[in-house]
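A closer look at the structure
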Amino acid sequence: MVLRVAIQKSGRLNEDSMKLLKECGIDIANGVNKLRTEASNFPIEVYFLRDDDIPQYVEDGVADIGFVGENVVYEKNKKVEVVEQLGFGKCRLSIAVSRNEVYNDVSYLHGKRIATTYPVIVRKFMEEKGVNAEIHEISGSVEIAPGIGLADAICDLVSSGSTLFMNGLKEVETVLKSQAVLIKSSDLNEEKQRLLDKLLFRIKAVKRSKNNKYILLNAPNDKLSEIIGLLPGMKSPTVLPLAESGWSSVHSVLKESDFWEIIEKLKEAGAQGILVVPIEKMII
Ligand code: PRT
Ligand code: ZN
C-alpha cells in the first residue's frame, strides 16, 4: 500500500513541494520529465500534474492527497478536504482597477466588467457583497484586459504587486488570501489515513521548526527571574550554571514572530552573549 501524492509538475509550487517532502526525510528521485516517481524510504508515490488538475485527481481517488494553492481548491470546488496549510506559495486573489480611477468601495463594481481566470470565486464574492458585475472568464494575461478595453477591472493573483504596477493598475479589494495546502480525498481507507497521519506528523514538525528559533544567553543570577519571565519556552527555560560564579546560561525556544521584541527586552534586562540558532525539527 502506498500513499499517492499529487504535486505541481512545474511552476511556483513545484520546488517548495519537493523541498517539504525532502525536509520530511522522504527521498524522491527528481521528477523532471517524469509523470510519476516513488520514494525510496517512505511508502509514497508522487504524481507530477498541472496544478489545475490536482483537485479533480484527488476527488476521483486517482491521487490520495495533493499539494495545491487554496485559490485552485476553491475555484475548482471539488469534493476534497483541506487538511493542512503548508506555509508556502502565499499570495492573494485581488480585484484591481486602473490607477486613475476613483475607487471608494465595492459598489464601484456595479455593472462593470471584471476579467478573471477565477470566475467561481469572483462570482461568489460579488454575490456576498450584493454587487451585480459582469464576469468575463479569460485564460491568461488578465492584467492587460483593462488596457485593451476588454474589462473595467480584473481579479488576479498578486504577490509583490509589481505586475499590477507595471500595467497601470491598483489593488482595491482582497477576495481571498491563499497559500499552498494539503488536500485529501474524502474516502481514504484506514491504512492510507495512517500513512497520511505519519506524513502530517512530519510536516507539522518541519513547519514548527521554521516558525521557532532556539535561543541561548548568559544572565547574571540576580536578573535570572526577570529574564526567565520574558521567555516562553516549550515547558520552561533550561538554566545551567556558568563556570564564572554569579552567572547562568539560559536556553529556550522563541517564536520567530515575537523574536525581535523579546530580544530587545532581554538585552534591557541584562542578558548577554545572546545566540539564536535555527531548529532542524521540532517535535512536541
Ligand atoms: O502549469 P500549471 O497550470 O501547473 O501552473 P500555473 O501557471 O497555473 O501556476 P503557477 O505556477 O503560476 O502558480 C501556482 C500557484 O502558485 C498558484 O495557484 C498560487 O497558489 C501560487 N502563487 C503564489 C502564485 C503567485 N504567488 C503569483 N504571484 N501564482 C501566480 N502568481 C502570478 C499572478 O498570476 C500574476 O501574474 O504572478 C503575477 C503577480 O505577481 P506579482 O509578484 O507581480 O504581484
Ligand atoms: Zn495552472
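Up top you'll find the structure we're talking about.
Residues numbered from 1 in each chain as written. Chains lettered and ligands numbered in written order. Predicted model: local features only at pLDDT ≥ 70, side-chain atom pairs only at ≥ 80, totals over all residues. Heavy atoms only, no water.

1. Focus on a nonpolar patch on the surface
Taken together, the side chains of I144, I148 and L150 define a hydrophobic patch exposed on the protein surface, amounting to about 270 Å² of accessible area. Structurally, L150 is set in the loop between strand 8 (134–137) and strand 9 (153–158). On the basis of relative accessible area, L150 is assigned to the partly exposed category, the value being 34%. (Patch = residues over 30% accessible without salt bridge, like charges linked within 9 Å, V, L, I, M, F, W, Y side chains within 5 Å. Areas by Shrake-Rupley, 256 points an atom, 1.4 Å probe, with all protein chains shown as cover. Salt bridge = Lys/Arg side-chain N within 4 Å of Asp/Glu carboxyl O. Helix = DSSP H or I, 4+ residues; strand = E, 2+ residues; numbered from the N terminus. Buried < 20%, exposed > 50% of the residue type's maximum accessible area, 1.4 Å probe, protein only.)

2. Overview of the sheet that holds strand 15 (residues 272–278)
Strands sit in the order 13-14-12-15 across an open sheet of 4 strands; the sheet is antiparallel. The sheet is open, and its two edges are formed by strand 13 (238–241) and strand 15, each paired on a single side. Strand-to-strand twist across the sheet, computed as the mean angle between neighbouring axes with direction ignored, equals 20 degrees. Pairing between strand 13 and strand 14 (residues 247–255): 4 bridges, direction antiparallel. (Pairing = 2+ DSSP bridges. Axes fitted to C-alpha atoms, helices over the stretch in contact; angles between N-to-C directions.)

3. Observations concerning the coordination of the zinc ion (ligand 2)
Here the zinc ion (ligand 2) is held by D51 (OD) and D52 (OD), and the distances to it run 2.0 to 2.1 Å. Viewed at the metal, the 4 donor atoms of the zinc ion (ligand 2) are separated by angles of 74 to 173 degrees, and the geometry they form is irregular. A relative accessible area of 27% means that D52 is categorised as partly exposed. (Donors = N, O, S within 2.8 Å, 3.2 Å for Na, K, Ca; no water. Tetrahedral: all angles 85-135°; square planar, octahedral: opposite > 155°, others 65-115°.)

4. Overview of the packing of aromatic side chains
Taken as a whole and assessed by the stated rule, the structure comprises 2 aromatic pairs. Their ring planes at 50 degrees and their centres at 5.2 Å tell us that Y103 and Y108 sit as a pair that is tilted. The class for Y108 is buried, based on a relative accessible area of 12%. Between the aromatic rings of F259 and W260, the centroid separation amounts to 4.9 Å while the plane-to-plane angle is 75 degrees, which identifies the pairing as edge-to-face. The aromatic ring of F165 is capped on one face by R99, whose charged end is 4.7 Å from the ring centroid. Above the face of the Y108 ring, K112 is positioned so that its terminal group lies 4.3 Å from the ring centre. (Phe/Tyr/Trp six-rings, centres within 6.5 Å; stacked < 30°, edge-to-face > 60°. Lys NZ or Arg CZ within 6 Å of the ring centre and 35° of its normal.)

5. As for the site of ligand 1
The environment of ligand 1 is formed by 22 residues, the closest being D52, N71, S160, G161 and T163. Note that an oxygen atom of ligand 1 is positioned 2.8 Å from one of the backbone N or O atoms of R12. Taking D51, its side chain carries an N or O atom lying 2.9 Å from an oxygen atom of ligand 1. Summarising the interface, the protein chains cover 77% of the accessible area of ligand 1, which totals 840 Å² for the free molecule. Placement of ligand 1 is best described as lying within the largest pocket. Residue assignment for the shell around ligand 1 shows that the elements contributing at least two residues are helix 3 (70–76), strand 9 and helix 5 (162–166). (Near = heavy atom within 4 Å. Polar contact = N/O pair within 3.5 Å; in protein donor to acceptor, adjacent residues only side chain to side chain. 1 Å grid on protein atoms, 1.4 Å probe; cavity = no way out; pocket = protein on both sides within 12 Å on 5 of 7 lines; lining within 4 Å. Sits in = over half its atoms within 2 Å of the grid points.)

6. Some points on the sheet that holds strand 2 (residues 36–38)
Ordered by their spatial adjacency, 6 strands build an open sheet running 2-3-1-4-11-5, and the pairing between neighbours is mixed. The sheet terminates laterally at strand 2 and strand 5 (80–85), the two strands that pair on one side only. Averaged over all pairs of adjacent strands, the angle between their axes in this sheet comes to 30 degrees, without regard to strand direction. With respect to the sheet, helix 6 (residues 190–211) is in contact with strand 1 (3–8), strand 3 (44–49), strand 4 (65–69), strand 5 and strand 11 (180–185), its orientation differing from that of strand 5 by roughly 30 degrees. (Contact = heavy atoms within 4.5 Å.)

7. Digging into the packing of helix 1 (residues 14–23) against helix 6
Axis separation between helix 1 and helix 6 bottoms out at 9 Å; the angle between their running directions is 100 degrees. Judged by the angle between their axes, helix 1 and helix 6 are roughly perpendicular. Of helix 6, the residues touching helix 1 (which contributes L20, L21 and E23) are L199, I203, V206 and K210. (Parallel < 35°, antiparallel > 145°, perpendicular 65-115°, else oblique.)

8. Section: the environment of V158
Checked against the element boundaries, V158 lands in strand 9. A relative accessible area of 4% places V158 in the buried class. Sequence separation between V158 and K177 is 19 residues, and the spatial gap between their C-alpha atoms is 9.8 Å. Not counting the four nearest positions on each side in its chain, V158 is found in contact with C91, R92, S94, L164 and E171.

9. A short note on the nonpolar core
Core analysis: the biggest nonpolar cluster contains 28 residues, and I26, I44, F67 and L199 have the highest contact counts within it. For this core, the elements supplying multiple residues, two or more each, are strand 1, helix 1, strand 3, strand 4, strand 11 and helix 6. Aside from chain neighbours lying at most four places away, what touches L199 is L3, L21, I26, F42, I44 and I65. Core analysis: the second largest hydrophobic core is formed by 21 residues, L93, V106, A153 and L176 among them. (Core = buried A, V, L, I, M, F, W, Y, C linked by side-chain atoms within 4.5 Å.)

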